[in-house]
Amino acid sequence: MKNRLGNLVLLLAFLCVAPVLAEPSSKSGTIAVGTEWETEYHVVDSGTEGPTVLILGGIHGNEPAGWRAAEQIRHWPIVAGKLVVVPRANVQGLAANVREVPEQPEGEKDLNRNFPRENGEIESDQRVTPRGQLAMALWKLAAKVKPNWVIDLHEGYEFNRTHIPPEGKKKSVGSSVIYRGGDKMDPLAGRIVDAANATVTDKSKRFTLLRQGPVSTGLARACIEVMGAEGVIFETTFKDQPLSLRTRQQRAMVNVLLNHIGLIDRDCRDVLAAPKREGHLLVAAFDGPGTGASKSKLFPIVDHAQDMTLHFLGGSEMRPEVLEQFDVVVFPGGSGSKQAAAIGENGRDAVRGFIGDGGGYVGVCAGAYLCSAHYSWSLDLIDSTVFTGSREIPGKGKKQMWYRGGSSDIDIELTDQGKELFVGVDSEFVVRYANGPIISPKGLELLDDYRVLAWYRSENGLWKPQKGTMVNTPAIVSGAYGKGRVMSVSPHPESTPSLHSIIENSLRWVAGLKQGRSAAKEPSKAKSEKPAKAGV
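Parameters and conventions
- Residues numbered from 1 in each chain as written.
- Predicted model: local features only at pLDDT ≥ 70, side-chain atom pairs only at ≥ 80, totals over all residues.
- Heavy atoms only, no water.
- Helix = DSSP H or I, 4+ residues; strand = E, 2+ residues; numbered from the N terminus.
- Buried < 20%, exposed > 50% of the residue type's maximum accessible area, 1.4 Å probe, protein only.
- Contact = heavy atoms within 4.5 Å.
- Areas by Shrake-Rupley, 256 points an atom, 1.4 Å probe, with all protein chains shown as cover.
- Pairing = 2+ DSSP bridges.
- Right-handed = clockwise from strand over helix to strand, strands pointing away.
- Axes fitted to C-alpha atoms, helices over the stretch in contact; angles between N-to-C directions.
- Left-handed = near helix turned anticlockwise from the far one by under 90°.
- Expected span 1.5 Å × (residues − 1).
- Phe/Tyr/Trp six-rings, centres within 6.5 Å; stacked < 30°, edge-to-face > 60°.
- Lys NZ or Arg CZ within 6 Å of the ring centre and 35° of its normal.
- Patch = residues over 30% accessible without salt bridge, like charges linked within 9 Å, V, L, I, M, F, W, Y side chains within 5 Å.
- Salt bridge = Lys/Arg side-chain N within 4 Å of Asp/Glu carboxyl O.

Caption draft 1: Expanded view of the overall build of the chain. For the chain, the count of helices and strands is 13 helices and 21 strands. Counting over 536 residues, the chain shows a buried share of 54%. When contacts within the chain are restricted to residue pairs at least 6 apart in sequence, long-range pairs at least 24 apart make up 71% of them. A total accessible area of about 24200 Å² is found for the chain, and carbon and sulfur atoms account for 50% of it.

Put into structure tokens, the structure is as follows:
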């Protein structure tokens with residue numbers, strides 16, 4: 001009894017003196033309020049003593065990897081200090097996809113040149129006199145949060161390692177870490193570059209170290225010289241590289257730095273999305289090898305939807321721990337076989353697992369080939385076989401039947417189930433077609449029958465064996481796979497603004513969200529699912 005009493009006294013004493021762990025807090029604010037440059041910033045306070053880090057994205061409006069990576073990084077679980085993130089610093093430039101701040105006087109166009117330093121001793125924040133309202137607003141925020149570190153995320157147009165500029169032109173700083181060289185920073189910078197280079201297979205595209213420090217007229221340099229902060233610029237390269245790779249490189253570099261200074265205590269490179277919340281879709285879009293130009297019309301539909309957030313994934317990110325952060329995955333037009341090869345066998349298994357566990361899949365054209373059950377590389381999500389194979393054409397040799405010629409306009413008719421789902425779209429319309437799959441049921445016992453939401457009512461083709469094989473075949477079908485839902489879209493509705501709702505409502509339906517009048521309910525089986533005429 002005496003021992004028990006003693007133990008109780010010790011426990012009570014410990015509880016009285018043990019520190020109370022602070023709960024992390026997150027809040028958002030706005031700078032340049034009331035102006036056309038108004039933009040959000042976010043502050044995550046761990047509640048534990050540590051450095052304050054300011055991360056900037058989108059200083060230049062034609063460098064999207066920076067702002068998208070910043071938007072992802074602001075959701076990382078910090079364990080010490082504060083994280084302050086301005087994802088979209090130059091909102092007007094980002095909207096117009098231009099480097100500079102639009103419609104500004106000549107001396108104020110480049111936001112990264114708007115922090116001039118006056119001569120003389122460093123005595124106060126007044127030594128930096130920014131040019132323009134946006135630069136002033138950013139400087140006021142920096143002065144308020146007093147960062148110990150500033151990380152400015154940028155992109156170059158060429159690879160610094162191999163770029164040979166024309167005479168009189170500056171060398172691009174793409175794929176580099178720009179920092180102030182010295183015994184303290186050199187080892188850290190080396191580890192940062194190593195992390196970025198782990199994503200690179202082409203030696204000509206490897207990252208380099210630039211020890212001259214951030215540009216003298218940028219915000220990072222101003223914070224260095226006025227506030228005594230440490231500042232770095234991470235530069236990816238947008239030439240011939242998918243956005244998913246560049247954002248991954250930005251995350252890899254920031255991950256090393258934040259772990260080094262103790263803001264995070266684990267590898268956060270695979271943390272891309274905010275926590276899921278009801279009524280809002282987190283959409284993962286594959287943008288790696290095998291994707292075609294049509295993605296430039298498909299992905300903005302998601303980006304502009306108020307109830308969706310778009311993130312880009314490459315083949316190396318098709319893993320369960322990444323996919324589980326999202327509600328829907330999208331595969332665009334291009335080449336289904338090349339997309340399948342890019343994500344690999346493990347990636348295909350991961351996508352199947354994601355859908356089977358309740359995720360959604362939308363495949364457009366090549367993505368519709370990918371989700372079929374026809375090829376050895378198919379995902380086998382939809383019980384469909386594809387009209388393809390080679391035929392001998394007199395005087396031409398063997399020709400592949402999937403190729404029906406260039407892009408063309410094809411007539412479409414919605415079924416009753418399609419009308420329920422695609423509210424606001426005419427029951428008959430014309431859509432762009434570019435060799436999407438011509439499908440029919442495969443009859444696999446392990447897959448449910450698909451439901452037809454739209455029929456092709458006209459066709460194109462180059463060769464006689466293709467004649468009559470497209471008319472009255474399914475253009476858009478939906479199906480179930482495990483606990484998840486799949487939408488296979490053979491044509492390209494993203495190419496026609498009046499048909500964009502087909503993409504939006506497909507995404508909402510596969511995620512189980514309501515839209516229109518009745519989109520959340522399962523399209524019912526009905527006689528209208530059968531074609532008006534027999535199709536092949």
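Now that the structure has been shown, the text picks up again.
Caption draft 2: Representation of the pairing of strand 12 (residues 360–364). Across the five residues of strand 12, five count as buried, placing the element largely inside the fold. Of the two faces of strand 12, the one lined by G360, V362 and V364 and the one lined by Y361 and G363 are each fully buried. Pairing of strand 11 (residues 328–331) with strand 12 involves four bridges; the strand directions are parallel. Of the residues in strand 12, the one forming a bridge with V329 is Y361. Following the backbone out of strand 11, through helix 10 (residues 336–356) and into the adjacent parallel strand 12, one traces a crossover that is right-handed. In this structure, strand 12 lies alongside strand 21 (residues 484–489), joined through five bridges in parallel fashion. The residue bridging V362 from the neighbouring strand is M487, located in strand 21.

Caption draft 3: How the structure looks around the packing of helix 5 (residues 185–197) against helix 7 (residues 243–260). With their axes 8 Å apart at the nearest point, helix 5 and helix 7 run at an angle of 145 degrees to one another. Taken as a pair, helix 5 and helix 7 cross one another with a handedness that is right-handed. Here helix 5 contributes L188, R191, I192, A195 and A196 to the contact with helix 7, which in turn contributes Q249, A252, M253, V256, L257 and H260.

Caption draft 4: Here's a closer look at the pairing of strand 3 (residues 52–56). Taking burial as the measure, the five residues of strand 3 include five buried ones, the bulk of the element. Burial of strand 3 is two-sided: the residues T52, L54 and L56 facing one way and the residues V53 and I55 facing the other way are all buried. In the sheet, strand 3 pairs with strand 4 (residues 82–86) via five bridges, with the strands oriented parallel. In the strand pairing of strand 4, I55 is matched with V85. Where the polypeptide runs from strand 3 across helix 2 (residues 64–73) and back to strand 4, its parallel neighbour, the crossover connection is right-handed. As paired strands, strand 3 and strand 5 (residues 149–156) are joined by four bridges and run parallel to one another. Bridge pairing in strand 5 places L56 opposite D152.

Caption draft 5: Highlighting helix 7. For helix 7, which comprises 18 residues, the first-to-last C-alpha distance of 26 Å matches the rise-based estimate of 26 Å (1.5 Å per residue) to within 8%. When you tally the buried positions in helix 7, you get 16 out of 18 residues, the bulk of the element. Following helix 7 by one or two positions, G262 has its phi on the positive side, about 90 degrees.

Caption draft 6: Molecular detail of the sheet that holds strand 11. Spatially, the nine strands line up as an open sheet ordered 10-9-11-12-21-20-19-16-17, and their pairing is mixed. Edge positions in the sheet fall to strand 10 (308–313) and strand 17 (428–433), since each has one partner strand and no second. The mean inter-strand angle of the sheet, taken between neighbouring strand axes irrespective of direction, is 25 degrees. Contacting strand 9 (281–286), strand 11, strand 12, strand 20 (474–481) and strand 21, helix 10 runs over the sheet at an angle of about 150 degrees to strand 11.

Caption draft 7: Local environment of the packing of aromatic side chains. Applying the stated criterion across every chain yields a total of seven aromatic pairs. Judged by centre distance (5.6 Å) and plane angle (20 degrees), the ring pair of F331 and Y361 falls under stacked. Pair noted here: F331 is in strand 11 and Y361 is in strand 12, with a separation of 30 residues, a long-range link. The two residues F331 and Y361 agree in class, both being buried. Three or more aromatic residues link up through ring pairs in this structure, and these residues are F286, F331 and Y361. The lysine or arginine in question, R88, covers the ring of W67, its NZ or CZ lying 4.6 Å from the ring centre.

Caption draft 8: Just a nonpolar patch on the surface, in detail. On the surface, a nonpolar cluster with roughly 290 Å² of combined accessible area is contributed by W402, Y403 and L462. Tracing the sequence through the fold places L462 in the loop between strand 19 (451–456) and strand 20.

Caption draft 9: Here's a closer look at the environment of P165. The residue P165 is located in the loop between strand 5 and strand 6 (176–178) in this model. Overall, P165 belongs to the partly exposed group, its relative accessible area being 25%. If sequence neighbours within four positions are ignored, P165 has contacts with K170 and K171.

Caption draft 10: Geometry of the sheet that holds strand 6. The strand order 1-2-4-3-5-8-6-7 describes an open sheet built from eight strands, whose pairing is mixed. Since the sheet does not close on itself, it has two edges, and those belong to strand 1 (25–31) and strand 7 (208–210), each with one partner. Shown here is a sheet whose adjacent strand axes are inclined to one another by a mean of 20 degrees, direction ignored. Here strand 5 runs beside strand 8 (residues 230–237); their pairing, made up of eight bridges, is parallel. Its bridge partner being in strand 8, D152 is matched across the sheet by I233.

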